[in-house]
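Here is what each chain is made of, one letter per residue.
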Amino acid sequence: MKHYDCHCHVFNFLTIGWRAVIQSLDGIAALKPETKLKAVSEKETAKERKRLLTNIKQYVRVARTLKASSRRLAIRLDNHYKRNGNFGKDVALFPLMFDGDHLLKASDVGAALDVLRFIEKTKSDFDAEQRSISAMADATGLELELAGNLKELKAHFAELESLNTRRGKERRQDGFARQLEELREIKNMRRFRNRVFPFLGVDPRRPDIKQYLRQVGKGKFFAGVKIYAPNGFSPTDPVLYGPDSVFEFCSKNNIPVIAHASYGGFATPVMRVDVNGYVMSPNSNTPVEHKGAYHFKSGLANGFKVMVKERARALNHPLIWRKALEKYCNLILVMGHFGNGSDEWKQEIAGLMNDFPNVYTDISCMSEKEELTAVKTFMDNDHVVRDKVLYGSDFFLEAFFNPSFKAYVDSIRNVLDSKLLKKISTENPAAFRRLWY
């Protein structure tokens, strides 16, 4: 029986652009309650130091990964599955694009400067952290290991910046175009032929995005489309929703749509976006129509998670997606991440799966026991949900939250057990795929 990874990524630093990558720095700076790193020379418990080291190691792992080619990342993911006894040797992969070029408006000079200031501040914190450890004559092995990892992390980010600078001088090509090239290379490899199904990243602000729909559908390069609304648009933007729209095309041609539907992840850091479509009312759970400038209250200075959640709620709430489904009731839609981070969102997504025949969800990037237990409860108590949960790894973004890929898979298996893991990675994806392939 074929196994599926229905939600994974093989993009890298050059294919999603520096704007998406540097936001991850906020996660490093926010490891402490004061949202910045303290000097290790201050009195801290061994447990806190160990936690800090664990997190820095994870970011080192991510930084190393960002420098790899998409081809190498696909091979690395495939090798993970070949070594893991929970999966077959030839797992089908659904690599999803991410249009990072529109995450931060190049024309928004103020937002760009805020991000650049944030990078410099974080680097300065790293320098102070490492110097304080190096100056300690009685530094423990744990502290010295932390200093070494901080040094490596700084070196990785310096190299990433260098890569971006060289790319700008050598070749005027955005990350979106480069992703297409690298995905084609993977798709043409004998190793992956007939088991790699890319999904086109669709951002309605890309002027020629609908032209790419000619490459989407059964027997074509792209199996479906990926929507990431917190980047700065509504799922009901006219390019996506309405006459001659992306969703109309997908609905008529049985083309699947995978949507980011977590209460976390990435989001545009700008304080103002132009939105055309439904947004969630700030004062109630009611989608309202909006056209023109939309102003956010929080930014990077308020903390990464706070910033993301405000944009997720305003632009990507499941009730906004319900509006899209009421117009295209047969749309094949996967609400990715099963509302990870919000019980309300889980309930709403479960309602969508019960109310619309072709709505699914996935558990990509879920490794917390509490979140997975909630998924299991839904599956145990609702037979519709039980048959509509798909397995996804969110590789390599899961590396932000787990020490290794094996640890990520084990966290799922330990809660859902091997029988349920097999169901969501074989039976349910096979039924989902029959809708469109």
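For every chain, the first residue of the written sequence is number 1, and numbering continues from 1 along that sequence. The model is predicted, so local features are restricted to residues of pLDDT at least 70 and side-chain atom pairs to those at 80 or more, both for listing and for counting; the totals for chains, interfaces and linings are taken over all residues. Hydrogens and waters are ignored; side-chain quantities use all the structure's heavy atoms.

Caption draft 1: Structural context of the overall build of the chain. Secondary structure is summarised from DSSP: a helix means a run of H or I of at least four residues, a strand means a run of E of at least two, and numbering begins at the N terminus for each. Helix and strand content of the chain: 14 helices and 10 strands. With 437 residues in all, the chain has 59% of them scored as buried. Excluding contacts between residues fewer than 6 apart, the proportion of contacts in the chain whose partners are at least 24 apart in sequence is 78%. Carbon together with sulfur atoms contributes 50% to the accessible area of the chain, which is approximately 18700 Å² in total. Each residue's exposure class comes from its accessible area (1.4 Å probe, protein chains only) as a fraction of the maximum for that residue type: buried when under 20%, exposed when over 50%, partly exposed otherwise. Between two residues, a contact is recorded if the distance between any of their heavy atoms is within 4.5 Å. Exposure was quantified through the Shrake-Rupley algorithm and a 1.4 Å probe, taking into account, for residues, occlusion by the shown protein chains and nothing else.

Caption draft 2: The arrangement of the pairing of strand β8 (residues 333-336) in detail. Neither face of β8 is open: one carries L333 and M335, the other V334 and G336, and all of them are buried. Each pair of strands is called paired provided DSSP finds at least two bridges between the two strands. Sheet topology places strand β5 (residues 257-260) next to β8; four bridges connect them, and they run parallel. When the bridges of β8 are listed, H260 appears paired with G336. Throughout, right-handed denotes a crossover for which the path from the first strand over the helix to the second runs clockwise when the strands point away from the viewer. Where the polypeptide runs from β8 across helix α11 (residues 343-355) and back to strand β9 (residues 359-362), its parallel neighbour, the crossover connection is right-handed.

Caption draft 3: Just the nonpolar core, in detail. We call a set of buried residues a nonpolar core when its members are Ala, Val, Leu, Ile, Met, Phe, Trp, Tyr or Cys and they connect through side-chain atoms within 4.5 Å of each other. Counting residues in each nonpolar core, the largest one holds 94 residues, and the members touching the most others are L200, V225, F247, L333, F338, I363 and Y391. By residue number, the principal contributor to this core is helix α14 (residues 405-434), which donates nine residues. Contacts of V225, omitting those with residues within four sequence positions, involve F199, L200, V202, L213, V216, V246, C250, P256, V257 and I258. Counting residues in each nonpolar core, the second largest holds 15 residues, with C6, F94, A223 and Y360 among its members.

Caption draft 4: Main features of the packing of helix α4 (residues 70-83) against helix α7 (residues 175-187). Between α4 and α7, the shortest axis-to-axis distance is 9 Å and the interhelical angle comes to 45 degrees. Accordingly, the angle class assigned to the pair α4 and α7 is oblique. The two elements α4 and α7 meet at a crossing, and its hand is right-handed. When α4 is examined against α7, the residues S70, R71 and A74 are found in contact with a partner set consisting of E182, E185 and I186. Polarity classes work like this: nonpolar for Ala, Val, Leu, Ile, Met, Phe, Trp, Tyr, Cys and Pro, charged for Asp, Glu, Lys and Arg, and polar for all others, with Gly in that last group. Residue classes in the contact of α4 with α7 are distributed as two nonpolar, one polar and three charged. Axes, fitted as lines to C-alpha atoms, cover a helix only where it is in contact. Angles between the N-to-C directions of the axes lie from 0 to 180 degrees. When an angle is under 35 degrees it counts as roughly parallel; over 145 it counts as roughly antiparallel; between 65 and 115 it counts as roughly perpendicular; any other value is oblique. Helix crossings are classified by the rotation of the near helix relative to the far one: an anticlockwise turn of less than a right angle makes the crossing left-handed, while a clockwise turn makes it right-handed.

Caption draft 5: Inspection of the pattern of salt bridges at higher detail. The salt bridge criterion pairs a side-chain nitrogen of Lys or Arg with a carboxyl oxygen of Asp or Glu, the two atoms within 4 Å. In this structure the tally under the stated criterion is 21 salt bridges. Between D90 and K82 there is a salt bridge; the shortest N-O distance is 3.4 Å. Its relative accessible area of 44% is what places D90 among the partly exposed residues. Salt-bridge contacts for D90 lead to R195; the nearest nitrogen and oxygen are separated by 3.8 Å. A residue pair is termed long-range when its members are at least 10 positions apart, and D90 in the loop between α4 and β2 (92-95) and R195 in the loop between α7 and β3 (199-202) qualify at 105 residues.

Caption draft 6: The arrangement of the sheet that holds β3 in detail. Taken together, six strands build an open sheet; the order of strands is β3-β4-β5-β8-β9-β10 and the sheet is parallel. Since the sheet does not close on itself, it has two edges, and those belong to β3 and β10 (389-390), each with one partner. Bridging between β9 and β10 involves two bridges; their strand directions are parallel. Residue D362 lies in a different strand from β10, and its bridge partner there is L390.

Caption draft 7: The state of the cysteines, seen in detail. Any two cysteine sulfur atoms lying within 2.5 Å of each other are counted as a disulfide. Within the structure shown, the criterion is met by zero disulfides. Just so you know, C6 is unpaired, no disulfide at all, and the nearest cysteine sulfur is the one on C8, 9.0 Å from it.

Caption draft 8: Region of the structure containing the side chain of R195. Looking at R195, the relative accessible area reads 6%, which means it is buried. Engagement of the side chain of R195 in a polar contact is seen with the backbone oxygen of V91, the distance being 2.9 Å. Among all residues touching R195, those that are not within four sequence positions of it are D78, K82, D90, V91, A92 and L93. Residues adjacent in sequence count toward polar contacts only when both atoms are side-chain atoms; beyond that, a polar contact is any pair of N or O atoms within 3.5 Å, and within protein one must be able to donate a hydrogen and the other to accept it.

Caption draft 9: A look at the packing of helix α10 (residues 318-327) against α11. Packing of α10 against α11 leaves a shortest axis separation of 9 Å and a crossing angle of 15 degrees. The angle between α10 and α11 places the two elements in the roughly parallel class. Crossing of α10 against α11: the hand is left-handed. Between α10 and α11, the contacting residues are P318, L319, R322 and L325 on the first element and W345, E348, I349, G351, L352 and D355 on the second. Among the residues forming the contact of α10 with α11, the class breakdown is six nonpolar, one polar and three charged.

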